[in-house]
Amino acid sequence: MLSPDSVIRPNEAEIASKVVDGEAIMINLSDGRYYSMQGAGGFIWTCITSGTTLKQLIGALTERYDAESLVVERDITGLVSVLLEEALVVHSDLPPVEIPSTGGATGRAPYEAAHLEVYTEMGELLALDPPLPGLEDIPWSGEEPAGVKQK
Amino acid sequence: MSCIVPAYNAELYLPFALDSILSQTLPPYELIVVDDGSTDGTAGVLESYQGRVTVLTGPNQGSGPARNRGIAAASGDFLSFLDADDLWLPTKLERQMARFAARPELGVSVTMVRNFWIPELAYEAERHAGKRFAGPLPGYGGTTLLARADVFATIGDFSTITFAEDTEWFTRVIDAGVEVEMIDEVLVLRRIHQGNQSFVHSDQLSGALLEVVRRRLVRKRFAAGLNQQ
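All values derive from a computational prediction rather than experimental measurement.

Criteria and cut-off values
- Residues numbered from 1 in each chain as written.
- Chains lettered and ligands numbered in written order.
- Predicted model: local features only at pLDDT ≥ 70, side-chain atom pairs only at ≥ 80, totals over all residues.
- Heavy atoms only, no water.
- Helix = DSSP H or I, 4+ residues; strand = E, 2+ residues; numbered from the N terminus.
- Buried < 20%, exposed > 50% of the residue type's maximum accessible area, 1.4 Å probe, protein only.
- Lys, Arg positive; Asp, Glu negative; His and termini not counted.
- Salt bridge = Lys/Arg side-chain N within 4 Å of Asp/Glu carboxyl O.
- Polar contact = N/O pair within 3.5 Å; in protein donor to acceptor, adjacent residues only side chain to side chain.
- Contact = heavy atoms within 4.5 Å.
- Axes fitted to C-alpha atoms, helices over the stretch in contact; angles between N-to-C directions.
- Parallel < 35°, antiparallel > 145°, perpendicular 65-115°, else oblique.
- Left-handed = near helix turned anticlockwise from the far one by under 90°.
- Nonpolar A, V, L, I, M, F, W, Y, C, P; charged D, E, K, R; others polar.
- Phe/Tyr/Trp six-rings, centres within 6.5 Å; stacked < 30°, edge-to-face > 60°.

Draft legend 1. Quick peek at the side chain of Arg-9 of chain A. Residue and element names in this part refer to chain A. Within the fold, Arg-9 resides in strand E1 (residues 7-10). Nearest to the buried, unbridged Arg-9 among oppositely charged side chains is Glu-12, at 5.6 Å. At 2.8 Å, the side chain of Arg-9 and the side chain of Ser-92 are in polar contact. Apart from residues no more than four positions distant in its own chain, Arg-9 is found in contact with Ile-48, Thr-49, Ser-50, Gly-51, Leu-88, Val-89, Val-90, Ser-92, Leu-94 and Pro-95.

What follows is the structure, given as structure tokens:
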């Protein structure tokens, strides 16, 4: 159950990620699933990186983007639920880091909701890579990459 | 059919790799070893194979550029690759070439791989025993692949994303619709030792894979954009 003050942070045990040109790109190194979040997604992931709460995220987004607080709250609640389901983020006991205020000095940017794009076709391509410690016994899906036949 | 082996400080295991190529039931027409600026006894090992291998030398540039130098020098219509610390089972090339004969549309053949640990890493082998990393694994990499030479002409060479240059190449091949087939049998053995690049540099491997994925997303979106026009 996600409460406004629950702290979430990236699932560093399995996830590698980076933000490039406002887009968050993530890979689950245990199964090869990879993800993208565009729109406000890069900013959201950067906030999540150090540990944050729903309340903090909603506050930071409404400060940075030209959007109604209720719209942001609805979008973010849905998004974070999906991030938890995909094991991209986990609940954390560590305190969140405050998101620096942008102060609104340059005006709010147009808001584009972030959606999580999920891609599952790379698992087998990554099967030979050494597993992270603790991930040795997680089986691959057994599915061939899209476009590859098995003989 | 040409075989290309990139080799960097490979004196310990290179003889085993080369012997596994030369004892293939269907040996390659030419065997090219790219000595990628080795500072150990690799050159001496290669001298003992004089007359049986073509050696290219040069400053150290990494395995991607080394493989590419081999591609440029190769004359075969088919190109195969083996890492200097790995082994092929004796029928590997024969089995793959049979697939190309059966399927003219096939562009790339790969096989399953089994890892094996050097004796000094027996505790690691024990740790993985019964788990996925010790079992047969799909080998989409530069140690299993055998491709028609014209696939490289169309798709391009290996990139310079160190530690993930073969994964990146496969994403381009698959995204371009080239026919790729996996032979569901272990025909390649990968040696796990202290020098394995991807083990030593796991943070850089993650970074490299993120770049591979980023490029794939760019291609997908470009293709989707074209489809909408």
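Next comes the rest of the account.
Draft legend 2. Focus on the packing of helix H1 (residues 41-49) of chain A against helix H2 (residues 54-64) of chain A. Residue and element names in this part refer to chain A. Packing of H1 against H2 brings their axes to within 11 Å, and their N-to-C directions diverge by 140 degrees. Taken together, the axes of H1 and H2 lie oblique to each other. In terms of crossing hand, the pair formed by H1 and H2 is right-handed. Of H2, the residues touching H1 (which contributes Phe-43, Ile-44, Cys-47 and Ile-48) are Leu-57, Ala-60, Leu-61 and Arg-64. The class makeup of the residues in the contact of H1 with H2 is seven nonpolar, no polar and one charged.

Draft legend 3. Structural detail: the packing of aromatic side chains. All names here are of chain B. Taken as a whole and assessed by the stated rule, the structure comprises 12 aromatic pairs over all chains. With centroids separated by 4.6 Å and ring planes inclined at 20 degrees, the aromatic side chains of Phe-152 and Trp-169 adopt a geometry described as stacked. Highlighted residues: Phe-152 in helix H6 (residues 149-155) and Trp-169 in helix H7 (residues 165-175), separated in sequence by 17 residues. Here Phe-152 and Trp-169 have matching classes, each one buried. Every member of this aromatic cluster is reached through a ring pair, and the members are Phe-81, Tyr-140, Phe-152, Phe-158, Trp-169 and Phe-170.

Everything listed here is a matter of coordinates, which is why it stays silent on function.
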